[in-house]
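Analysis of the macromolecular model
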Amino acid sequence: MDDVTETLLLVLVVVTALAFDFTNGFHDTGNAMATSIATRALKPKTAVALSAVLNMIGAFLSLAVAATIAKGLVDAQVITLEVVLAGLVGGISWNLLTWLLGLPSSSSHALVGGVVGSVLAAVGTSGVLWTGVAAKVLIPALLAPLVAIGVAAVGTWLVARQTRGVPESTSTRAFRWGQVGSASLVSLAHGTNDAQKSMGIILLALIAGGAVPADSGVPFWVIVSCAGFMALGTYLGGWRIIRTLGKGLVEIDTRQGMAAETSSAAVILLSGFFGFSLSTTHVATGSILGSGVGMPGAKVRWGVAGRMLAAWGLTLPAAGLVGALCFWIQAGIGGALGTAAVFGILIATSVAIWVASRRKPVDHRNVNDDWEDGAASSDADAEPALADAAVTPAVAATASSEEGAVTAAPSTEPQRARQRAGV
């Protein structure tokens, strides 16, 4: 009977890990496609479909990050299936909350925070490999956005300088095609990095459950499953995150978009090569900010960026706290009933957040509406730039009558000029 219970628990952990991969997909789609959607280089649905395919391909290209997650952050010998499940619930809960708020936070750090928190609750500080956490997670988290800002700023400045005498309509058409390639490269890079997080967690669970030896590599079925679930989540589109990255930080044009995407891909691929559990969200956000810094006359919304930075600082401790609480609940109740209680908490949280998101839905039809810095709603007055801008009845009517991106009236002179040029 104990063997049956252990097997069922292992299956439940694997399913939860794949659920995290699914949330990772729709949470981080904006990293790759937000700028291409914002500049209308790609239609929203086309963009997320392309991203889904390339994310899946990228998941097969490298396993260095999976090894880091499975064996470089916590002591695999003290890990139990209960610990892994609690950590996954912490990561998923933070992913869903930040998605509801339209905050581009790190799925990677949510997962790491959840697992570290549950390990601390289970065995204390001895179960965490602090050197690995610092070298593979914390230091890259600090450096990656700064590197991305610098690379994107220089790249954008060079592009702007070289295209000063080119008619805007000509450069827009050319850079739109360039964005298709650069956005595709980001999606491929995202797959090489992010899908592996769940692979590492499932491998950790398989080792804890005795299904594979401690020195085992990632089984092929795990690679296929994680790649597929992340691709599915990507295809459904994290429109709230896409809106914040594409419209909330910078009024972006095709030159900036291509520079930002190319910078993101370069940093992410380099980190994947060295096995760093890098946040693609941090890199993409840094690149978009850099494209605003490097473009003369561009407007950067530093208030929105500041709130994102605050969320990044909360990700590890917040997900860790949820992971720890879930483990204590599980251990306090005990046995299969404790596991069922934790899984029930996850289901209830997910349903509640989904219901809340339906009050102000964001999809492919209104994702490109003008960003309203001062937009306030009854439930988000304190954080207007984090909530999705309310869709007015007039815009909603326009959206429902069109297929693809919404055509909203431009609010600034540069936007009017780009629209006249054919954007």
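Throughout what follows, the structure given in this document is the object of discussion.

1. With respect to the side chain of Q179
Locating Q179 in the fold gives a position in helix α7 (residues 168-193). Classification of Q179 by relative accessible area gives buried; the value is 0%. Residues in contact with Q179, not counting those within four places in the same chain, are T35, S36, T39, A41, S184, T254, G257, M258 and E261.

2. A word on the packing of aromatic side chains
Counting across every chain of the model gives 3 aromatic pairs. With a centroid separation of 5.7 Å and 70 degrees between ring planes, the pair formed by F26 and W99 is classed as edge-to-face. Of this pair, F26 sits in helix α1 (residues 2-38) while W99 sits in helix α4 (residues 81-100), and the two are 73 residues apart along the sequence. The rings of F22, F26 and W99 are connected pair by pair, giving a single aromatic cluster. Positioned over the ring face of W99 is R240, at 5.4 Å from the centre of the ring.

3. Quick word on the pattern of salt bridges
Taken as a whole and assessed by the stated rule, the structure comprises 3 salt bridges. Taking the shortest distance from any N to any O, the salt bridge between D253 and R255 comes out at 3.2 Å. Of the two residues, D253 and R255, neither departs from the other in class, the shared state being buried. A salt bridge links D363 to R365; the nearest nitrogen and oxygen atoms lie 2.6 Å apart. Judged by relative accessible area, which is 17%, D363 ranks as buried. The partly exposed category is assigned to R365, whose relative accessible area is 34%.

Conventions and cut-offs
Residues numbered from 1 in each chain as written. Predicted model: local features only at pLDDT ≥ 70, side-chain atom pairs only at ≥ 80, totals over all residues. Heavy atoms only, no water. Helix = DSSP H or I, 4+ residues; strand = E, 2+ residues; numbered from the N terminus. Buried < 20%, exposed > 50% of the residue type's maximum accessible area, 1.4 Å probe, protein only. Contact = heavy atoms within 4.5 Å. Phe/Tyr/Trp six-rings, centres within 6.5 Å; stacked < 30°, edge-to-face > 60°. Lys NZ or Arg CZ within 6 Å of the ring centre and 35° of its normal. Salt bridge = Lys/Arg side-chain N within 4 Å of Asp/Glu carboxyl O.

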